[in-house]
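Structural characterization, general
This is what each chain is made of:
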Amino acid sequence: MASLICKFSGCLQGILLRETSCCSRILINHEHKRYRKRSRKPAPWFEPRKTGKLTYGVTDENVADLKQQVWEDSFKPDSPIRAEFLERKGLTDNMITSQYQVDKNFKWKFNTKRTGVIAIKLGMIPQWTKEGEKVMCTVLQVLDNHVIRYTPPEDFQKSQGFHPWFSKNVGSMVVGTLSCSPLLFSKRYNNLFLEAGVAPKRKLTRFLVSPECKLAPGTKLRACHFRVDDYVDVSAKTIGHAFQGVVKRWGFKGQSATHRGGKSWRRAGATGGGRSQAGTRRGKKMAGHMGMDWNTQKGLKILRMDNKYDVIYVKGVVPGPDHCYVRVMDTVLNHRRKGLMKNPPSCPTLLEDSAQKLPSEVLSSDLFDFRDDSISISAE
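Each chain carries its own residue numbering, running from 1 in the direction its sequence is written. Side-chain atom pairs in this predicted model are given and counted only at pLDDT of 80 or more, local residue features only at pLDDT of at least 70, and totals for whole chains, interfaces and linings cover all residues. The side-chain quantities take in all heavy atoms of the structure and omit both hydrogens and water.

1. Concerning the overall build of the protein chain
To qualify as a helix, a DSSP run of H or I must reach at least 4 residues; to qualify as a strand, a run of E must reach at least 2; elements of each kind are numbered from the N terminus. Across its full length, the protein chain holds nine helices and 15 strands. Counting the 380 residues in the protein chain, one finds 36% classified as buried. Residue contacts are defined here by distance: any two heavy atoms, one from each residue, within 4.5 Å place the two residues in contact. If you take every contact in the protein chain between residues at least 6 apart in sequence, the share linking residues at least 24 apart comes to 75%. Here the accessible surface of atoms and residues is derived via Shrake-Rupley with a 1.4 Å probe, and residues count as covered only by protein chains that are part of the display. Working note: accessible area of the protein chain is about 24900 Å², and carbon and sulfur atoms make up 53% of it. Buried means the residue's accessible area, taken with a 1.4 Å probe over protein chains only, is under 20% of the maximum for its type, while exposed means over 50%, and partly exposed covers the values in between.

2. Some words on the nonpolar core
Residues grouped as a nonpolar core are buried Ala, Val, Leu, Ile, Met, Phe, Trp, Tyr and Cys residues, joined through side-chain atoms within 4.5 Å. In this structure, Phe226, Val234, Ile312, Val326 and Val328 are the most contacted members of the largest nonpolar core, which totals 34 residues. Not counting residues up to four positions away in its chain, the partners in contact with Ile312 are Thr138, Val139, Leu140, Val142, Ala223, Phe226, Ile302, Arg304 and Met305. Formed by eight residues, the second largest nonpolar core is a distinct cluster that contains Phe185, Tyr189, Leu192 and Val198.

3. What about the side chain of Thr177?
When you line up the elements, Thr177 lands in strand E6 (residues 171-179). Within the local environment of Thr177, its side chain forms a polar contact with the backbone oxygen of Leu143, the two atoms lying 2.5 Å apart. In contact with Thr177, other than residues within four places in its own chain, are Ile118, Leu143, Asp144, Asn145, Lys201, Arg202, Lys203 and Tyr325. As used in this structure description, the phrase polar contact means that two N or O atoms lie within 3.5 Å; if the pair is within protein, one of them must be able to donate a hydrogen and the other to accept it, and residues adjacent in sequence are counted only when both atoms belong to side chains.

4. Concerning the packing of aromatic side chains
Only centres within 6.5 Å qualify two rings of Phe, Tyr or Trp (six-membered ring in Trp) as a pair; their planes then separate them into stacked at under 30 degrees, edge-to-face at over 60, and tilted for everything else. Applying the stated criterion across every chain, the model contains eight aromatic pairs. Measuring from centroid to centroid gives 5.0 Å for Phe185 and Tyr189, while their planes differ by 45°, and the two rings are tilted. Since its relative accessible area comes to 1%, Phe185 is described here as buried. Overall, the relative accessible area of 2% leaves Tyr189 in the buried class. Pairing Phe368 with Phe370 gives two aromatic rings, centres 5.0 Å apart and planes at 85°, and the pair type is edge-to-face.

5. Observations regarding a nonpolar patch on the surface
In this scheme, patches are assembled from residues that exceed 30% relative accessible area and form no salt bridge. Like charges are connected within 9 Å, while nonpolar side chains (Val, Leu, Ile, Met, Phe, Trp, Tyr) are connected within 5 Å. Here, a salt bridge means any side-chain nitrogen of Lys or Arg that lies within 4 Å of a carboxyl oxygen of Asp or Glu. A grouping of Met124, Met136 and Val317 is seen on the molecular surface, where their side chains present a nonpolar patch of about 260 Å² in accessible area. Here Met124 is to be found in strand E3 (residues 117-128).

6. Overview of unusual backbone geometry
In terms of backbone geometry, most residues other than glycine have negative phi values and most peptide bonds are trans. Cis geometry marks the peptide bond from Cys347 to Pro348; its omega dihedral reads 5°. For Pro348, the position within the fold is in the loop between helix H8 (334-342) and helix H9 (352-355). Its identity is not glycine, yet Asp144 carries a phi of approximately 50°, on the positive side. One non-glycine residue, His323, adopts positive backbone phi at about 65°. Along the chain, His323 falls in the loop between strand E13 (311-315) and strand E14 (325-330).

7. So, the pairing of E3
Where E3 lies against E14, four bridges are found, and the strand directions are antiparallel. When the bridges of E14 are listed, Val117 appears paired with Val328. In this structure, E3 lies alongside strand E4 (residues 134-142), joined through nine bridges in antiparallel fashion. Each bridged residue has a counterpart across the sheet, and for Pro126 the counterpart in E4 is Met136. Between E3 and E4, which follow one another and run antiparallel, lie five residues, and Gly132 among them has a positive phi close to 90°. At least two DSSP bridges between two strands are required for those strands to pair.

8. Remarks on the sheet that holds E6
Sheet architecture is open: four strands sit in the order E7-E6-E5-E8, paired in antiparallel fashion. Unpaired on one side and paired on the other, strand E7 (201-209) and strand E8 (220-221) mark the two borders of the sheet. Sheet topology note: the strand E5 (residues 145-151)/E6 ladder contains five bridges and is antiparallel. The partner of Tyr150 across the bridge, within E6, is Met173.

9. Quick word on a positive patch on the surface
Charge assignment in this entry is limited to Lys and Arg as positive and Asp and Glu as negative, and neither His nor the chain termini are counted. Taken as the charge centre is NZ of Lys, CZ of Arg, CG of Asp or CD of Glu, depending on the residue. A cluster of basic side chains, namely Arg88, Lys89, Arg149 and Lys187, defines a positive patch on the protein surface. Examined against the element boundaries, Lys187 turns out to sit in helix H6 (residues 187-190).

10. Observations regarding the pairing of E5
Across the seven residues that make up E5, a large majority, five, are buried. In this structure, E5 lies alongside E8, joined through two bridges in antiparallel fashion. The residue of E8 that forms the bridge with Asn145 is Leu221.

Geometry only, nothing functional implied.
Rendered as structure tokens:
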């Protein structure tokens, strides 16, 4: 009887633990654990985002007014909170602007690194070339990107986020996307955006940039940071498939389902053998967690760009599900970067005044524009 109770309790525990409360960096979600279980703690340079309810003691009538006032007045270039922060740091707006002036004598080098942008994957759509060939493209939209902070190389080498394999001539640039209400985050997290003078961002990421490509905090980044016919690298987390067997995870054939073998149609079979070298080797393809790992697709060509809505059409497949965050940056492939030496991009980025003069939509010379006339008839 005791063994039966233990088996029943173990079975019940297995059922109840399938759905667990996982703590994200923004809020508490009740979701399936489809990602890897990692025991390490968050990085020490991450600021806590979670916060309690800040509307305690406030009636329902003035909650909306409070949110609107915090949203409008807290994060502006002339807000008193930002002025107090700059005074405590001993900075002024003129000092910040003078530190990030663009060098007019700068010449593009082969190893020059610009900042990237954070885009949202919208899905895939076909395009056609002038020869009638169908090309599948991934649609990426760059929404509300701003530079949050720049760390020069000499300070970046002393920080906790620096790795020995990084180049010593690169700095760190933090970029954020999707502005949110300050009431959703903690005070320490909101203080990260006081220098830039923008609202708190939902997503932050870091890019390694050259000192000559630095940008002032608060600079807006758009899709025109890149150009049509440029090659970019796109990185994101792949789709999570939870724990899967070897047939789905690695594409194993499986064993016979009709002749002998028993119930072993989708099993991996033997995992180790041999006389002197018996045992399972490191890196053996076995069942385990599938997906939710960082993946980078390199050398993707930009075929189309919509400057009005900041949409980029990239040739090929981009990792991750729809509506996920992706990192878009200049490619690191040597044979693709050679083209940048002949026709370098705007460095550090295309300014807002120049971006307004661009056409609303730009297509590659290889694509067929369906707005053009395909058949022309002349009256005789």
